[in-house]
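The lines below spell out each chain.
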Amino acid sequence: MQHSRFLIPEAAVFVREAVIFTLSKENTGASYITDICSSLHRPGYGTARRALLPQKPFPSLKKRQAMAGLLKSERGEASCFSTVIFIFITVLLLAFIIDLFGIISTKQQLDHCADQMVKQIQLSGGISGETEALFQFLCSQITGADSLSYTVNASYKSPTPGGMNQAIQLGSPFYITITGNAKLGGFWNFNLVHIRIVSKGAGVSEHYWK
């Protein structure tokens, strides 16, 4: 008994062989159990070492630090690139918004021009050289639009009185339309979007023509 080592796995083996013996009809029983006990108590039983599977060597500390530094560097570069793209898009959108407010201001100036033209045609009773001079002056005060022009739709008096290009009889309505072109392009004037601005006005002639 000096060299015997009774381990749990060997006990399981003993119980299994005892059950097999009980179910067998050919063995006598006593000698079989004696053989099992002697095998369990023989020197060195159950002391065999199990062979371990080969394992891959774990990366050294320097390699782990180098890999971590590389990952941090790649993440930093990606974050920097994303920030630059975000700033560029933000500046571009800001430029378009500023241009859009400029176009709104130009539309208001065009509306003012239409109102002044309506008043002039009402008082003069038609279109004359003074009407053209007033329109040229008003166009010089408008910023953000070019190719400005106007049309007047009315029922004109015939024959045309002297000094008038077109005459509109007292009480006759007329309609004026002023158009211009504006461009939306950002800080660098790319002129990516062309916008047509239209202002309209209406009035009634206050001049009587004989």
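Rules used in this analysis
- Residues numbered from 1 in each chain as written.
- Predicted model: local features only at pLDDT ≥ 70, side-chain atom pairs only at ≥ 80, totals over all residues.
- Heavy atoms only, no water.
- Helix = DSSP H or I, 4+ residues; strand = E, 2+ residues; numbered from the N terminus.
- Contact = heavy atoms within 4.5 Å.
- Pairing = 2+ DSSP bridges.
- Axes fitted to C-alpha atoms, helices over the stretch in contact; angles between N-to-C directions.
- Buried < 20%, exposed > 50% of the residue type's maximum accessible area, 1.4 Å probe, protein only.

A short note on the overall build of the protein
Right, so step 1: Helix and strand counts for the protein stand at 4 helices and 5 strands.
Right, so step 2: Each helix and strand of the protein, placed in order from N terminus to C terminus, yields the pattern α-α-α-β-α-β-β-β-β.
Right, so step 3: A separation of at least 24 residues holds for 65% of the contacts in the protein among residues at least 6 apart in sequence.

Structural notes on the sheet that holds strand 4 (residues 173-184)
Right, so step 1: Read across the open sheet, the 3 strands follow the order 2-4-5; overall the sheet is antiparallel. Edge positions in the open sheet fall to strand 2 (146-154) and strand 5 (193-204), since each of these has one partner strand only. Shown here is a sheet whose adjacent strand axes are inclined to one another by a mean of 15°, direction ignored.
Right, so step 2: The pairing of strand 2 with strand 4 spans 7 bridges and is classified as antiparallel.

Brief notes about the environment of Thr160
Right, so step 1: Inspection of the secondary structure puts Thr160 in the loop between strand 2 and strand 3 (166-167).
Right, so step 2: Its relative accessible area of 39% is what places Thr160 among the partly exposed residues.
Right, so step 3: Between the alpha carbons of Thr160 and Trp209 there is a distance of 9.6 Å; along the sequence they are 49 residues apart.
Right, so step 4: Non-local contacts of Thr160, meaning those with residues more than four positions away in its chain, are made with Asn165, Gln166 and Ala167.

Interpretation in functional terms is not warranted from these geometric data alone.
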